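The residues making up each chain are set out below.
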Amino acid sequence: MNMIERLHLHRLSLPLTTPYKLAFGPVVAFDTIIARVWDADGREGFGEATILTGYTPETIDSAWRIAGELAAAMLGAEFEPAKATALAAHTAAPFTATALATAVEMLEGSPLLQTPGASVPLLAIINATDPAGIEQEIEARIAEGYETLKIKVGFDLETDLQRVAFIQSRLGDRARIRLDGNQGYSRDDGVHFAAALDPDGIELLEQPCHMDDWQAAEAAAKVATVPMMLDESIYGADEIKRAADLKAARYIKLKLMKAGSLADLAEQLELIGDLDMIPVLGNGVASDPGCWMEACIAHRYINNAGEMNGFLKPTGGLFVDPITVTGGTMVLPVTPPILDQAAILRHQTATAVFPESYG
């Protein structure tokens, strides 16, 4: 019988090689929960929740508490009821629910994760803000084979416009530019920024204003010189349909951690295409499990650069065999990856085992 025999939860702090600059402050470490499930035959599945304020209503403390409650309720359940238990918490705790639901999907052998030998092109981040640093990073990323570069904006309107113009002057037509506002602008500044951009080489502008300010998204889209993309505003089908109705975005970005399950993510990606919008996928604030799963989905559904590059940011990975990136492209493993227990223990700040007798 397909039942959940045991579960382990690991709470991790994953230090980053370089602080990840966002409009609401730099991230110096990922607050990550890894959920692991086994059946009676010893087969394992795992899932991830990396909690970041502004992307989810959860905090790392609330996510850890809810993960424990869900794990206790899922113990001994068959696969389908176990997934249903996790997904019942999706509205209140989307990242936590997704971690546990995807762990069960992996344990089931979801075909969405079976992509041996496939590859997915990634984008790269330009973090520097000074001219010399920007030029150095541009040349390094181009030399590594990246064809799409992401620039964080949403800090200061005029300074951001000047920095984008400088990057355009140095980059030419060697790569596409994605701009990400991370909700950093007021409504007026977001609209101004979108209207003032020189579109040369810019693929899209992502989420310049607050996730709940749909009027700002609609207003920016009406005057923007480049295609708009929504990210933080999107949690599922309802928001995807709203974006289409308002014509607030040409692109919609999804993250597995917000979707609920692999199956739900695939359905949402198909919906975006059905509504004549373009899907983008990937989480820059995720470690190896989440990024690997997203890349498996991207291989099937995405025709642009993936944003599942979060696994490159921590000082070390969580898989026994590290994910390979060659020429700006993520190479998917032939067989499902295996978690590195030593790496997990090295970064672990708390653990919970169900049933306790396995502890």
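Above this note sits the structure.
These numbers come from a predicted model, not from an experiment.

Using the criterion set out here, one finds 0 disulfides in the structure. C296 forms no disulfide, and the closest cysteine sulfur to it belongs to C291, at a distance of 11 Å. Residue classification places C296 among the buried residues on the basis of a relative accessible area of 0%.

A separate point is unusual backbone geometry. Here F354 and P355 are connected by a cis peptide whose omega angle stands at -5 degrees. The phi torsion at D276 lies on the positive side, around 65 degrees, for a residue other than glycine. Locating D276 in the fold gives a position in the loop between α10 (262-274) and β11 (278-281).

Further remarks concern the pattern of salt bridges. Applying the stated criterion across every chain, the model contains 23 salt bridges. Between E307 and R178 there is a salt bridge, and its shortest N-O distance comes to 2.8 Å. Residue E307 is located in the loop between α11 (288-301) and β12 (324-326), and its partner R178 is located in strand β7 (residues 176-180); the two are separated by 129 residues in the primary sequence. As far as the burial class goes, E307 and R178 line up, both buried.

The 4 strands lie next to each other as β3-β2-β1-β14, forming an open sheet whose pairing is antiparallel. A strand with exactly one partner marks an edge of an open sheet, and here the two such strands are β3 (44-51) and β14 (348-354). Along the sheet, successive strands turn relative to each other by an average axial angle of 20 degrees, direction set aside. Here strand β2 (residues 27-38) runs beside β3; their pairing, made up of 8 bridges, is antiparallel. Within the sheet, the bridge partner assigned to R36 lies in β3 and is F46. The strands that helix α3 (residues 94-108) touches are β1 (6-20), β2 and β3; relative to β3, the one it contacts most, it runs at about 160 degrees. Its contacts with the sheet place α11 against β2 and β3, and it is angled at close to 105 degrees to β3.

Our next topic: the nonpolar core. Counting residues in hydrophobic clusters, the biggest one holds 122 residues, and the most contacted among them are L179, F193, I252 and W292. Among the elements that make up this core, the one with the highest residue count is α3 (9 residues). Not counting residues within four places of it along the chain, the set of residues in contact with F193 comprises V153, L157, D160, L161, V164, L179, Y185 and L205.

Once that is clear, we can look at the pairing of β7. In summary, the side chains of a regular strand alternate between the two faces of the sheet. Taking burial as the measure, the 5 residues of β7 include 4 buried ones, the bulk of the element. In this sheet, β7 lies alongside strand β6 (residues 148-152) in parallel orientation, the contact comprising 5 bridges. The residue bridging K150 from the neighbouring strand is R178, located in β7. Handedness of the β6-helix α5 (residues 157-171)-β7 crossover: right-handed. Judged from the 4 bridges that link them, β7 and strand β8 (residues 202-206) form a sheet pairing that is parallel. In the sheet register, D180 faces β8, and the bridge partner there is E206. Taking the sense of rotation as the criterion, the β-α-β connection linking β7, helix α6 (residues 187-196) and β8 turns out right-handed.

Let us look at the layout of surface pockets. Within this model, the largest pocket holds a volume of roughly 400 Å³. Together, 15 residues line the largest pocket, and I125, N127, R141, L312 and K313 are the ones closest to its centre. Broken down by secondary-structure element, the contributors of at least two residues to the lining of the largest pocket are β1, β5 (124-126) and α4 (131-144). Sort the elements by how many residues they give to the lining of the largest pocket and β1 lands first, with 4 residues.

Before going further, it helps to spend a moment on helix α2 (residues 79-87). Taken residue by residue, α2 has F79, A82, K83 and A86 as its buried positions. Taken down its axis, α2 places every buried residue within 100 degrees of arc, on the same side. Buried residues in α2 make contact with α1 (60-74) and α3.

The tally for this structure, following the rule as stated, stands at 3 aromatic pairs. Summarising the aromatic geometry, the rings of F46 and W292 are spaced 6.1 Å apart at their centres and angled 50 degrees between planes, so their arrangement reads as tilted. Of this pair, F46 sits in strand β3 while W292 sits in helix α11, and the two are 246 residues apart along the sequence. The pair formed by F46 and W292 is uniform in burial state, with each residue classed as buried.

Scoring rules and cut-offs
Residues numbered from 1 in each chain as written. Predicted model: local features only at pLDDT ≥ 70, side-chain atom pairs only at ≥ 80, totals over all residues. Heavy atoms only, no water. Disulfide = S-S within 2.5 Å. Buried < 20%, exposed > 50% of the residue type's maximum accessible area, 1.4 Å probe, protein only. Helix = DSSP H or I, 4+ residues; strand = E, 2+ residues; numbered from the N terminus. Salt bridge = Lys/Arg side-chain N within 4 Å of Asp/Glu carboxyl O. Pairing = 2+ DSSP bridges. Axes fitted to C-alpha atoms, helices over the stretch in contact; angles between N-to-C directions. Contact = heavy atoms within 4.5 Å. Core = buried A, V, L, I, M, F, W, Y, C linked by side-chain atoms within 4.5 Å. Right-handed = clockwise from strand over helix to strand, strands pointing away. 1 Å grid on protein atoms, 1.4 Å probe; cavity = no way out; pocket = protein on both sides within 12 Å on 5 of 7 lines; lining within 4 Å. Points joined across faces, edges and corners; volume = space filled by probe spheres on them. Arc of directions from axis to C-beta. Phe/Tyr/Trp six-rings, centres within 6.5 Å; stacked < 30°, edge-to-face > 60°.

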